[in-house]
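The residues making up each chain are set out below.
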Amino acid sequence: MEPFRVHILGCGSALPTLKHFPSAQVVEVRGKLFLVDCGEGTQIQLRRSRLRFTKISAVFVTHLHGDHCFGLIGMLSTFGLLGRTAKLTVYAPAELADILQRQIDFFCRDLDYEVEFKAVDTTKQQVIYEDRSLTVETIPLQHRVHCCGYLFREKPSLAHIRRDMTDFYEIPISQFNNIKAGADWTTPDGEVIPNSKLTEPADTPRSYAYCSDTRYIPTLYERLKGVSTLYHESTYGEDNLQMAEKYNHSTARQAALVAREAGVGQLLLGHYSSRYEREEVLLNEAREVFENTRLTNEMDVFDV
Ligand SMILES: [Zn+2]
Ligand SMILES: [Zn+2]
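Procedures and definitions
- Residues numbered from 1 in each chain as written.
- Chains lettered and ligands numbered in written order.
- Predicted model: local features only at pLDDT ≥ 70, side-chain atom pairs only at ≥ 80, totals over all residues.
- Heavy atoms only, no water.
- Core = buried A, V, L, I, M, F, W, Y, C linked by side-chain atoms within 4.5 Å.
- Buried < 20%, exposed > 50% of the residue type's maximum accessible area, 1.4 Å probe, protein only.
- Helix = DSSP H or I, 4+ residues; strand = E, 2+ residues; numbered from the N terminus.
- Donors = N, O, S within 2.8 Å, 3.2 Å for Na, K, Ca; no water.
- Tetrahedral: all angles 85-135°; square planar, octahedral: opposite > 155°, others 65-115°.
- Polar contact = N/O pair within 3.5 Å; in protein donor to acceptor, adjacent residues only side chain to side chain.
- Contact = heavy atoms within 4.5 Å.
- Salt bridge = Lys/Arg side-chain N within 4 Å of Asp/Glu carboxyl O.

Trainee: Which residues make up the nonpolar core, and what values do they have?
Mentor: Counting residues in each nonpolar core, the largest one holds 55 residues, and the members touching the most others are Phe60, Tyr150, Phe152, Tyr208, Leu224 and Leu230. Ranked by residue count, the leading element in this core is helix α9 (residues 252–262), at seven residues. By size, the runner-up hydrophobic cluster in this structure holds 27 residues, among which are Leu33, Leu35, Ile73 and Cys108.

Trainee: I'd like a description of the coordination of the zinc ion (ligand 1), backed by residues and values.
Mentor: Protein ligation of the zinc ion (ligand 1) involves Asp67 (OD), His68 (NE2), Asp213 (OD) and His271 (NE2), the donor distances falling in the range 2.1 to 2.2 Å. Bound by four donor atoms, the zinc ion (ligand 1) shows angles of 90 to 170° at the metal and therefore irregular coordination geometry. A separation of 3.4 Å is found between the zinc ion (ligand 1) and the zinc ion (ligand 2), which share Asp213 as a coordinating residue. Separated by 203 residues along the polypeptide, His68 in helix α2 (residues 66–69) and His271 in the loop between β16 (266–270) and α10 (280–287) bring together distant segments of the chain.

Trainee: Before we move on, could you go through the side chain of Thr89 and cite the residues and values that matter?
Mentor: Following the sequence through the fold, Thr89 ends up in strand β5 (residues 88–93). By relative accessible area, Thr89 is classed as buried at 8%. Separated by 2.8 Å, the side chains of Thr89 and Glu116 make a polar contact. Dropping the residues within four chain positions of it, Thr89 is found in contact with Ser57, Ala58, Val59, Glu116 and Lys118.

Trainee: Please set out the pattern of salt bridges residue by residue, giving values where relevant.
Mentor: What the rule picks out here adds up to 12 salt bridges. The residue Asp121 makes a salt bridge to Lys124 at a minimum N-O spacing of 3.2 Å. Since its relative accessible area comes to 44%, Lys124 is described here as partly exposed. Residue Arg162 is joined to Asp164 by a salt bridge in which the shortest nitrogen-to-oxygen separation is 2.8 Å. A residue is classified by how much of its surface remains accessible, and Arg162, at 28% relative accessible area, is partly exposed. On the basis of relative accessibility, which here comes to 43%, the residue Asp164 falls in the partly exposed class. One network of salt bridges, with partners in common, ties together Arg5, Glu28 and Asp303.

This is how it looks when you write it as C-alpha cells:
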C-alpha cells in the first residue's frame, strides 16, 4: 500500500512548555506533503523531522489562534530564502488573508514563489482540495473563533492485477488498465474469463480527520463515520471539564466519545494543556471509552 502517514510536529496548546511545540503536523499521502496548522517553531520541527520543505504543496490552517498559525510567516520567509519557486497554497479562515498579505509585503518582498490564499468556509463540510489520489474536506468545528478541521480521504484505487492469471491467459499488458477497471477477458477460443479471476480487490481507501480546536460536539461523529484515524483535541481531563466548556475545548473522554460513535479505526490525542505533567491521565480516561487511543508526541509518525 502507498504511504499515508501523519507526522506530529507539535501537539501542545497555547502556553509554551519545554515538552511540546504548538499545533502542527504533516499529512503524507502518496509522496505529497500537506501541512496542517503551523504553530510557532513549525519550521524547526520540519527540520528535525527531515521532511523535505519543498514537498509541501499546501498549508491548512484550522483557526486564527496564535498556537495554530504564528509559525506561518517565518516558514514562508524561510521557503523564500531556500529558493522555493513552486506555488504554495494556504487554506484558512478568510480573516487571515489581509493579515498574511501585510506580513508578506513587509517581511518577504522578494519571494520567488506565489503564496496563493484560499479562504475556507468553516461552517460547511465541503471538498476544498482534490487531486488524482485524494480529497480534502472541511469539518465545521465549534470554538471561540471560526474554526474547521480537515478530512483527508484517499480516492478508491483500482483492483490489483493477478500476474499469475494474466500470464496464464497470455493477456497483453496493453489490456491491464481495462482489467483493473473491471473488464472480463475473452480468450481467442471465445472463453470468457470473469474479472474476479484476474484481479485482487482494491485496497480499502483510508482517511484521516484532524479536529482541533473544538468544544465537544455530540453530533460530530456523523461527519466522521468510518474514518481510519481521527486526531481530536484533548486539551483537558475530566478534572477540568468546566475549563473545557468555558474555553470551547474538549476533554480526552469527550474525544473518545466522538471516536466511538464514529467507529473510527484509531484515535490520536493532542493539544494538551500545559497543566498536565503526565498525559497518561488523559490517555487512561479516553481508553475507558475507546480502547484504540494513542497519545501523540513530537516526531511520532502514525500510519493512517
Ligand atoms: Zn489551540
Ligand atoms: Zn484555539
